[in-house]
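Here is how the chains run, residue by residue.
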Amino acid sequence: MRFILIDKIVLLEAGKRIKAVKCVSLAEEYLADHFPVFPVLPGVLLLQGLVESASWLVRETENFAHSMILLEEARNIKYKSFLSPGSQIEYTVDAKTIEEDISSFTGIGISEGQEIVQGSFGLRHFNLADENPAMAAVDDRVIENMKKRWQLLRQ
Amino acid sequence: MLEVKDMVMTRDEIFEKVQAVLVDALGVDEEEVTPKSTLMADLGAESIDFLDIVFRLEKAFGIKIPREELFPAESLMNNPDLISNGKLTAVGLAELRTRMPHTDITEFQKDPSINKLGSLFTVNAIVNYIETKLK
Amino acid sequence: MRWIWIDKFVEFKSGQSAVAVKNVTLAEEHLHDHFPGFPVMPECLMIEAMAQTAGILVGEAKKFQEKVVLAKIKKCVFFNYVKPGDTLKIEAKIESIAPEAAGTTGKITRQDKLIAEIDLMFSHIDKNLGGKKFPEENFVFTDTFKSLMQGITN
């Protein structure tokens, strides 16, 4: 099972906004556990969809300067409705600020006109080499891999 | 030790604490939280937020707040005896007055549509309720 | 990929607090995507580990009669990242509990180093989503979760 929680980028305004879609399918193994007889996309994976969307906006805006882009904080992430297999969700993430090593966003996920998830969050961006110069090659490898994935998402 | 509920709080002090609770619970700015602001239309509060707000108010003021006492909407809306054609009946309005003595329902009475019930949940209504509870 | 993000409970005080542990291992497939070249545990999955620890704590307080689901992440902050080979300690406390919902606070540490602070709100869905029908049985607390409770002294 792959850990990628968005399927396609549908809109990108560098530095400002990104929209991505994700299809939900019974093929996603964790649905068997969440929940048996009532499969719905776990709330944290809805947040992951917002985080991934925002991360790509940062990567594209800063031209893949950093390897590591991680969730630093999230506030008032509300789960308003359930998302079932067969549905598609569109995430819209708006940047409040994107600075060199941190960024902040508001995001919302909507499916068939229904709000599913909404909230605010912040990311931090860095290279492993910042702490340990010997890790520069690892940073390069991660960035190369993420650039390949970006090609996949933008097709 | 002096507990919050033993201290005499002015209305302004109560408002400030309520404002802080709403800023945290709803992720809005302080400036957006005025006495007249409605929780739902102005501040974007939803069902789960109402519960979060009740918990935080309990903690902030050291009192117990049964949710239906502060926000009695659900039992009013789900009772067919109190509603007719999407509006509260006279019996319904009387029930509302009893349940929300801390709220001014004059405007609402003119068109007591249940869709507009949310407009009664203002910051002022919360401050009034807390003031009463602390006496 | 199984949707279970804690490995066992090491402490459980019914209605109050609980402590669980999670081992992070290269055997977990998702680490190889996050990120390819340098695996770290996704923060969202740390939130889920807390949600499961706190959710079971809240569920047990009502004898698993309620379907407890995550309704709101009030606040979470991450201070350090987590790598394969790490063991996480997840501590949750019930802050408030009512018939319709519960609020919890908690932290995740790795050998006394603070990794995250996570405050959550849970909804008891049968009491809340008015009009929506859910399957009768409690699909939230499966045998997998209940088996985590075995051997815990209260």
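Residues numbered from 1 in each chain as written. Chains lettered and ligands numbered in written order. Predicted model: local features only at pLDDT ≥ 70, side-chain atom pairs only at ≥ 80, totals over all residues. Heavy atoms only, no water.

**Observations regarding the overall build of chain B**
Note the threshold: Runs of H or I in DSSP of at least four residues are treated as helices and runs of E of at least two as strands, each being numbered from the N terminus. Burial status follows relative accessibility: with a 1.4 Å probe on protein chains alone, a residue under 20% of its type maximum counts as buried, one over 50% as exposed, and anything between as partly exposed. The contact rule is simple, with two residues in contact once any of their heavy atoms fall within 4.5 Å. The protein chains shown are the only cover counted for residues, whose accessible areas, like all others here, come from Shrake-Rupley with a 1.4 Å probe. Only four residue types enter the charge count: Lys and Arg as positive, Asp and Glu as negative, with His and the chain ends excluded. Each charge is placed at NZ for Lys, CZ for Arg, CG for Asp and CD for Glu.
Counting its regular elements, chain B contains 7 helices and 2 strands. Listed by position from the N terminus, the elements making up chain B come as α-α-α-α-β-β-α-α-α. C-alpha extents for chain B along the principal axes are approximately 50 × 30 × 25 Å. The buried share among the 135 residues of chain B stands at 47%. Sequence-distant contacts, at least 24 apart, represent 59% of the contacts inside chain B between residues at least 6 apart. Here chain B has roughly 7200 Å² of accessible surface; of this, 54% comes from carbon and sulfur atoms. Here chain B carries 15 positive and 24 negative side-chain charges, and the mean point of each set is 5 Å from the other.

**Observations regarding the overall build of chain C**
The condition that has to hold: Taken over C-alpha atoms, the radius of gyration is set against a globule rule of 2.2 Å times the number of residues to the power 0.38.
Looking only at helices and strands, chain C features 2 helices and 6 strands. Ordered by position from N to C terminus, the α and β elements of chain C give β-β-α-β-β-β-β-α. Its C-alpha atoms give chain C a radius of gyration of 16 Å, near enough to 15 Å, the size a compact globule of 154 residues would have. Counting only C-alpha atoms, chain C reaches 50 × 30 × 30 Å along its principal axes. Classification of the 154 residues of chain C by burial places 59% in the buried group. The contacts of chain C with a sequence gap of at least 6 include a subset with a gap of at least 24, amounting to 68%. Put simply, chain C shows about 6400 Å² of open surface, and 47% of that area lies on carbon and sulfur atoms. Averaging the coordinates of the 20 positive side-chain charges in chain C and doing the same for the 20 negative ones gives two points 4 Å apart.

**Description of the environment of Phe121 of chain B**
Residue and element names in this part refer to chain B. Of note, Phe121 is situated in the loop between α6 (106–110) and α7 (123–134). Overall, Phe121 belongs to the buried group, its relative accessible area being 5%. For the pair Phe121 and Gly92, spaced 29 residues apart in the sequence, the C-alpha separation amounts to 17 Å. For Phe121, the residues in contact, after removing those within four places along its chain, are Ser37, Thr38, Leu39, Met40, Phe50, Leu70, Phe71, Pro72, Ala73 and Met100.

**What about helix α1 (residues 11–26) of chain B?**
Rules: Every helix has an expected span of 1.5 Å times one less than the residues it contains. By definition, the arc is the one covered by directions from the helix axis to the C-beta atoms.
The end-to-end C-alpha distance of α1 of chain B, which contains 16 residues, comes to 22 Å, matching closely the 22 Å that a straight helix rising 1.5 Å per residue would cover. Buried within α1 of chain B are the following residues: Ile14, Phe15, Val18, Gln19, Val21, Leu22, Ala25 and Leu26 of chain B. Buried residues of α1 of chain B fall within an arc of 165 degrees about the axis and therefore sit on the same side. Pointing more than 90 degrees away from the buried face of α1 of chain B are the exposed residues Asp12 and Glu16 of chain B. For α1 of chain B, the secondary structure elements touched by its buried residues are β3 (68–79) of chain A, α2 (47–61) and α7 of chain B together with β3 (68–78) of chain C. Gly27 of chain B, located one to two residues past α1 of chain B, shows a positive phi value of around 65 degrees.

**Some points on the interface of chain A and chain B**
Filter applied, for reference: Buried area is understood as the total, over both parts, of accessible area removed when two parts are fitted together, assessed with a 1.4 Å probe. Salt bridge, as used here: a side-chain nitrogen of Lys or Arg that lies within 4 Å of a carboxyl oxygen of Asp or Glu. Nitrogen and oxygen atoms within 3.5 Å of one another constitute a polar contact, given that in protein one can donate a hydrogen and the other can accept it, and given that sequence-neighbouring residues count only through two side-chain atoms. When residues are sorted by character, Ala, Val, Leu, Ile, Met, Phe, Trp, Tyr, Cys and Pro go into the nonpolar class, Asp, Glu, Lys and Arg into the charged class, and all the rest, Gly among them, into the polar class.
The partner chain B presents 8 residues to the 4 residues of chain A that form the contact. Here chain A and chain B share an interface that buries about 370 Å² over both sides, 26% of which is from carbon and sulfur atoms. On inspection of chain A and its partner chain B, the count reaches 3 salt bridges. Where Glu46 of chain B meets Lys80 of chain A, a salt bridge forms, and the shortest distance between an N and an O atom there is 2.8 Å. Between chain A and chain B we count 5 residue pairs in polar contact (both at pLDDT 80 or more) in total. For the side of chain A that touches chain B, the residue count by class is no nonpolar, 1 polar and 3 charged.

**Quick word on the interface of chain A and chain C**
What counts here: By this definition, two strands are paired if DSSP reports at least two bridges between them.
Taken together, the contact between chain A and chain C spans 40 residues of the former and 39 residues of the latter. When the two sides are added together, the surface that chain A and chain C hide from each other amounts to roughly 3700 Å², 66% of it contributed by carbon and sulfur. It is Phe3, Asp33 and Val44 of chain A that lose the most area in chain A upon contact with chain C, and together they represent 18% of the buried surface on that side. For the pair chain A and chain C, the interface holds 3 salt bridges. For the salt bridge of Asp33 of chain C with Arg149 of chain A, the shortest nitrogen-to-oxygen distance reads 3.6 Å. On inspection of chain A and its partner chain C, the count reaches 14 residue pairs in polar contact (both at pLDDT 80 or more). Only α1 (43–61), β3, β6 (114–126) and α2 (136–153) of chain A provide two or more residues apiece to the side of chain A that touches chain C. When residues of the side of chain A that touches chain C are assigned to their parent elements, the largest contribution, 12 residues, is made by β3 of chain A. Classifying every residue of the side of chain A that touches chain C by side-chain character gives 25 nonpolar, 4 polar and 11 charged. In the sheet, β3 of chain A pairs with β3 of chain C via 5 bridges, with the strands oriented antiparallel. Looking across to β3 of chain C, one finds that Ala74 of chain A is bridged to Cys76 of chain C.

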